[in-house]
Amino acid sequence: MPTTLMRYATPTTIAFFLVSLITGIALFFHVGPSAFHGIHEWLSMVLILPFVLHVWRNWKPMTKYMTGKPLLISAVVSVLASAIFFLPMGGAGGGRPPVFALSQQVLQHTPAEVAPALGMTADALTAKLTAAGYTVAPDQSLNAIAQGSGKSMMDIAGVLVARDQ
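This structure is a prediction, so every number in the text was calculated from the model and none was measured.

Draft legend 1. Up close: the overall build of the chain. A tally of helices and strands in the chain yields ten helices and zero strands. Ordered by position from N to C terminus, the α and β elements of the chain give α-α-α-α-α-α-α-α-α-α. Its C-alpha atoms give the chain principal-axis dimensions of roughly 65 × 40 × 30 Å. Put simply, the chain has 165 residues, and 19% of those count as buried. Once local pairs closer than 6 in sequence are excluded, the contacts in the chain between residues at least 24 apart make up 54%. For the chain, the accessible surface area stands at approximately 12,000 Å², while carbon and sulfur atoms represent 70% of it. Taking the average location of the 9 positive side-chain charges in the chain and that of its 6 negative ones, the two points are 33 Å from each other.

Structure follows, in structure tokens:
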């Protein structure tokens, strides 16, 4: 492994961890720009490489951690803490924020049914979806329109709430 990579393994791990920490806290408290979501996801993925380099560089001291109980206890606590999020929290949303359940319900309806809630006519909403590249069939739900057009629920939701320029 080149010396330069090894020299930057720990500082890069720290820097990316701090970015992940700050954006994670902002996401938890629902503050900051929407870009934090992408930053948090993508740079957390990038963090994998410096983490691996950090472990490689510090392998001998790491093996001392692996022989003791602290790592085992920490791993068990982490798995149990993560498992809690898989438990059903009641309601149809399965513990997810209610806005997700609401959006899924809205997307089960046709453009004609949803248009008034968006302050539009059915024809205006159909035109907006068509202009955005969706194939709109009569009496088809917004979810079915998205799937039929090869797009996701998030894609069509973005079109629905976008302000026309």
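Additional details are given in the paragraphs that follow.
Draft legend 2. Structural context of the nonpolar core. Counting residues in hydrophobic clusters, the biggest one holds 13 residues, and the most contacted among them are L125, L129, Y134, L142, I156 and L160. Of all the secondary structure elements, the ones that give two or more residues to this core are α8 (122-131), α9 (142-148) and α10 (153-161).

Rules and cut-offs
- Residues numbered from 1 in each chain as written.
- Predicted model: local features only at pLDDT ≥ 70, side-chain atom pairs only at ≥ 80, totals over all residues.
- Heavy atoms only, no water.
- Helix = DSSP H or I, 4+ residues; strand = E, 2+ residues; numbered from the N terminus.
- Buried < 20%, exposed > 50% of the residue type's maximum accessible area, 1.4 Å probe, protein only.
- Contact = heavy atoms within 4.5 Å.
- Areas by Shrake-Rupley, 256 points an atom, 1.4 Å probe, with all protein chains shown as cover.
- Lys, Arg positive; Asp, Glu negative; His and termini not counted.
- Charge placed at Lys NZ, Arg CZ, Asp CG, Glu CD.
- Core = buried A, V, L, I, M, F, W, Y, C linked by side-chain atoms within 4.5 Å.

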